[in-house]
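# Examining the three-dimensional arrangement
Each chain, written out:
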Amino acid sequence: MESFVTTGLVLRETRYKESDRILTILTPDQGVISASAKSSLRLKNKLFSACGLFCYSEFTLMPGKNMFNVLEAENLHMFHGISSSIEGMSLAMYLAEMAAALSPANQEADKELRLLLNCLYMISEQKADLRVIKAVFELRTMSECGFMPQLLCCKSCGAYDGSGFYFDVQEGYLLCENCAARENKRGGLDAGALFALRHICLVEDKRIFGFRISAASLTRLSAVAERYALTHLDKPLKSYDFLKSVLP
Ligand SMILES: [Zn+2]
């Protein structure tokens, strides 16, 4: 077996033995992989600085029996600002756990990696409200991992805009206020939240954070985004309760 080189983002690090770590890494070509980084917790070890949580690094990996072994690692980017706030750190942990749980493969892995790097950058540099970053990640990651919602118009009558739109988190479709009322459903989206929902799911990558939203609309968007993401995951995320305690 031969070693190979890949970039990747460390989603999780688990210490074992004295100074070894097992890493969960999101890579653009292989998806989410596990790799053992021997002695990487020793300060003078060559792997020390490139194998930490949220390190974006270039890894040289050797396939092993149960997982890969990290032979070399060179850090490409460190998101220093993430650990400067407990809210930012908690959100980063939540996003990373969601990415690991979804475990995207093929082109989806590459897109997921770019989205996550973008969101970690926004957290680290404090470029956006943390609740905006959370909603963007939840909606976009689901859209790209096989759960693209139908956002064009009301599924029943074709209405395009208005306030009081209802978004079905299970099936991923919209109903306008009137059609929702007929089905005894109450719309949770105002016009601002509906605009943001469409923007996040449909716009090209680099413009994904290019929208403004009022505090009231963000509250509505956040509720829908979170329920949409968590509904489509197989199991609850461990990081969720703590995140909600610091970022309600
Ligand atoms: Zn309708």
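Residues numbered from 1 in each chain as written. Predicted model: local features only at pLDDT ≥ 70, side-chain atom pairs only at ≥ 80, totals over all residues. Heavy atoms only, no water.

In the annotation of an unreviewed UniProt entry, the protein is listed under the name DNA repair protein RecO and assigned to Faecalibacterium gallinarum. For the protein, the Sequence similarities (unreviewed entry) comment in UniProt is given as "Belongs to the RecO family." (UniProt positions renumbered as here; feature names shortened; annotations may be inferred.)

## A closer look at the coordination of the zinc ion
Six octahedral donors at a metal ideally form angles of 90 or 180 degrees, and four tetrahedral donors ideally form angles of 109.5 degrees. Protein coordination at the zinc ion: the donors are Cys-154 (SG), Cys-157 (SG), Cys-176 (SG) and Cys-179 (SG), at 2.3 Å from the metal. Coordination at the zinc ion comes from 4 donor atoms whose angles at the metal span 102 to 118°, giving a geometry best classed as tetrahedral. Each donor residue of the zinc ion belongs to the same chain, and together they define the spacing C-x2-C-x18-C-x2-C. Separated by 19 residues along the polypeptide, Cys-157 in the loop between strand E6 (150-154) and strand E7 (166-168) and Cys-176 in the loop between strand E8 (173-175) and helix H4 (177-182) bring together distant segments of the chain. (Donors = N, O, S within 2.8 Å, 3.2 Å for Na, K, Ca; no water. Tetrahedral: all angles 85-135°; square planar, octahedral: opposite > 155°, others 65-115°. Helix = DSSP H or I, 4+ residues; strand = E, 2+ residues; numbered from the N terminus.)

## Examining the UniProt feature "domain: DNA replication/recombination mediator RecO N-terminal" (unreviewed entry) in the protein
Those places that UniProt annotates as "domain: DNA replication/recombination mediator RecO N-terminal" (unreviewed entry) correspond, in this numbering, to residues 1-78. The distance from the first to the last C-alpha atom of residues 1-78 is 31 Å, and the span holds 0% helix and 62% strand.

## Let's talk about the state of the cysteines
This structure, assessed with the given rule, holds 0 disulfides. This cysteine, Cys-119, is not joined by any disulfide, and Cys-145 carries the nearest cysteine sulfur, 13 Å off. (Disulfide = S-S within 2.5 Å.)

## What about the sheet that holds strand E4 (residues 55-63)?
Strand order in the closed barrel formed by 5 strands is E1-E2-E3-E5-E4, with mixed pairing between adjacent strands. Strand-to-strand twist of the sheet, defined as the mean angle between neighbouring strand axes without regard to direction, takes the value 45°. Across 2 bridges, strand E3 (residues 31-37) lies against strand E5 (residues 68-78) in parallel orientation. From the neighbouring strand, Ser-36 faces E5, where its bridge partner is Asn-69. Sitting on the sheet, helix H2 (residues 106-124) touches strand E1 (4-16), strand E2 (20-27), E3 and E4, and the angle it makes with E2 is about 110°. (Pairing = 2+ DSSP bridges. Axes fitted to C-alpha atoms, helices over the stretch in contact; angles between N-to-C directions. Contact = heavy atoms within 4.5 Å.)

## Quick word on helix H6 (residues 215-231)
Compared with an ideal rise of 1.5 Å per residue, which puts 17 residues at 24 Å, H6 spans 24 Å between its outermost C-alpha atoms and is within 8% of the ideal. For H6, every residue scored as buried is listed here: Ser-217, Leu-218, Leu-221, Ser-222, Val-224, Ala-225, Glu-226, Tyr-228 and Ala-229. (Expected span 1.5 Å × (residues − 1). Buried < 20%, exposed > 50% of the residue type's maximum accessible area, 1.4 Å probe, protein only.)

## A short note on the sheet that holds E8
Strand order across the open sheet formed by 3 strands is E6-E8-E7, with mixed pairing between neighbours. The outermost strands of the open sheet, each flanked by one partner alone, are E6 and E7. Between one strand and the next, the sheet's axes are offset by a mean angle of 25°, whatever the strand orientation. As paired elements, E6 and E8 share 2 bridges and run parallel to each other. Bridging from a neighbouring strand, Cys-154 pairs with Leu-174 of E8. Running over the sheet, helix H5 (residues 191-202) touches E6, E7 and E8 and is turned about 145° from E6.

## Here we look at the environment of Glu-112
Position of Glu-112 among the secondary structure elements: in helix H2. The spatial distance from the C-alpha of Glu-112 to the C-alpha of Phe-137 is 9.4 Å, given a sequence separation of 25 residues. The contacts of Glu-112, once residues within four sequence positions are left out, are Leu-26, Ala-99, Pro-104, Phe-137, Thr-141, Glu-144 and Cys-145. A distance of 2.4 Å separates a polar atom in the side chain of Glu-112 from a polar atom in the side chain of Thr-141. (Polar contact = N/O pair within 3.5 Å; in protein donor to acceptor, adjacent residues only side chain to side chain.)

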